[in-house]
Amino acid sequence: MPEPVASGSEELVLAFLAEAGDEVVSGEAISDKLGLTRAAVWKHVEALRQQGYRIDAVATRGYRLVEVPDRLRALELRPLLNTHDVGQVLHCFEEVDSTNDRAKALADDGAEHGEVVVAERQTAGRGRRGRTWSSAARRNVAFSVILRPEGLPPVRASELTLVAAVAVCDALRQAGVEAGIKWPNDVLVGGRKIAGILTELAAEADEVHWVVVGVGVNVNARREDFPPELADLATSVLIERDHPAPRALFLAACLTALEDWYDRHAEGGFGPIREAWKERSVTLGRQVSVKTDTGEITGTAFDIDVTGALLVRTAVGVERIFSGDVALLRPA
Ligand code: BTN
């Protein structure tokens, strides 16, 4: 059965209620503000209830939004977003192959900076280095953001991956989990992976056309939702906190943090991002083993340089690593 779709006014009523937070809003205030009749306001409130919103009617005083459905549609997300660009255009799907693939196609067709693709389920989610990304439908968060960084040379585009890692780490900490970053952009809690980031771009020699930053976060996945081979390697907000997180709020926090760190990068360059990344790192000061395209490097990870490359002190000197898979061995 097709899902009910919110009309424009319904969305405005919801936004009004969401903005009021715990406050009761009178039907009169809503109708005055939105230019609707009281009967129309009542009809929209009823329609929202049908879609799973809990809206209490408080005798003689008005309405209060008590609960939003755990869904990732524009209807849930828009009222929560206070960004200037990121997420101002949302493409929300029940199912897609990969949000990164959708975002890339949209970017090729001229989508604007900040447009976001979100899906409840991916049939061909992709991870770094050709791996797949599997994620339980309607439990987690999978999204891709289209960025058009002005004046950023292609060689510096990878800095945006670290921008995203810092932002996702902050959103997770805001949700109450002690997340940290494993180079370059895995987000871990207690050594287990909670989020991954896949960055792709289209560029010419001296110009970036677009960058797509794809983010997958295990939000409300239960232990049994992970395939057996990941059971000991992955975790989720639900597992860590022992209670679920409202996904729309979490996604809005990710998009807000992403825009915030993106703006700091645009204004201040990689310096502030490098510092923020180092503060959140769980890699530096560790013995690591890094699988690169040319072999395995073992040593102590001690810094990232001004390009974001990992610096590892080995028995024969310092190695500068641009891409690879890091295994954390023990504190140095
Ligand atoms: C990794 O850790 O290997 C990166 C995982 C990235 C997964 C996200 S989910 C949303 C977006 N769409 C994809 O197909 N991949 C990214």
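Now for a quick tour of the structure.

### Concerning the site of the ligand
In the vicinity of the ligand there are 20 residues, among which S98, Q122, R126, R128 and K193 approach most closely. Between the ligand and T99 there is a distance of 3.0 Å, counted from a nitrogen atom to a side-chain nitrogen or oxygen. Contact distances for the ligand include 2.9 Å between a nitrogen atom and a side-chain N or O atom of Q122. In the complex, the protein chains occlude 98% of the 420 Å² of accessible area that the ligand would expose alone. Put simply, the parts of the chain that give the shell around the ligand at least two residues each are helix 5 (99-108), strand 5 (141-147), strand 8 (192-204) and strand 9 (207-217). Of the residues forming the shell around the ligand, the biggest block, four residues, is contributed by strand 8. For the shell around the ligand, the residue count by class is six nonpolar, ten polar and four charged.

### Looking at the sheet that holds strand 11 (residues 295-304)
Within the open sheet, the five strands sit side by side as 13-12-11-10-14. Their pairing is antiparallel. Of all the strands in the sheet, just strand 13 (317-321) and strand 14 (325-331) have a single pairing partner and so form its edges. Averaged over all neighbouring strand pairs, the angle between strand axes comes to 40 degrees, with direction disregarded.

### Side note on the nonpolar core
Among the nonpolar cores identified, the biggest contains 67 residues, and F143, L172, F250 and L310 are the most heavily contacted of them. Leave out the neighbours within four places in its chain, and L310 touches W183, T283, L284, V290, A301, D303, I304, E319, R320, I321 and V326. Within the second largest apolar cluster, 15 residues are counted, among which are L14, L36, A40 and Y63.

### Some words on the sheet that holds strand 3 (residues 90-96)
The mixed open sheet is built from seven strands, whose spatial order is 3-4-5-9-8-7-6. Where the open sheet ends on each side, the last strands, each with one partner, are strand 3 and strand 6 (180-182). When the angles between neighbouring strand axes are averaged without regard to direction, this sheet yields 20 degrees.

How each quantity is defined
Residues numbered from 1 in each chain as written. Predicted model: local features only at pLDDT ≥ 70, side-chain atom pairs only at ≥ 80, totals over all residues. Heavy atoms only, no water. Near = heavy atom within 4 Å. Polar contact = N/O pair within 3.5 Å; in protein donor to acceptor, adjacent residues only side chain to side chain. Areas by Shrake-Rupley, 256 points an atom, 1.4 Å probe, with all protein chains shown as cover. Helix = DSSP H or I, 4+ residues; strand = E, 2+ residues; numbered from the N terminus. Nonpolar A, V, L, I, M, F, W, Y, C, P; charged D, E, K, R; others polar. Pairing = 2+ DSSP bridges. Axes fitted to C-alpha atoms, helices over the stretch in contact; angles between N-to-C directions. Core = buried A, V, L, I, M, F, W, Y, C linked by side-chain atoms within 4.5 Å. Buried < 20%, exposed > 50% of the residue type's maximum accessible area, 1.4 Å probe, protein only. Contact = heavy atoms within 4.5 Å.

Geometric values such as these leave the question of function open.
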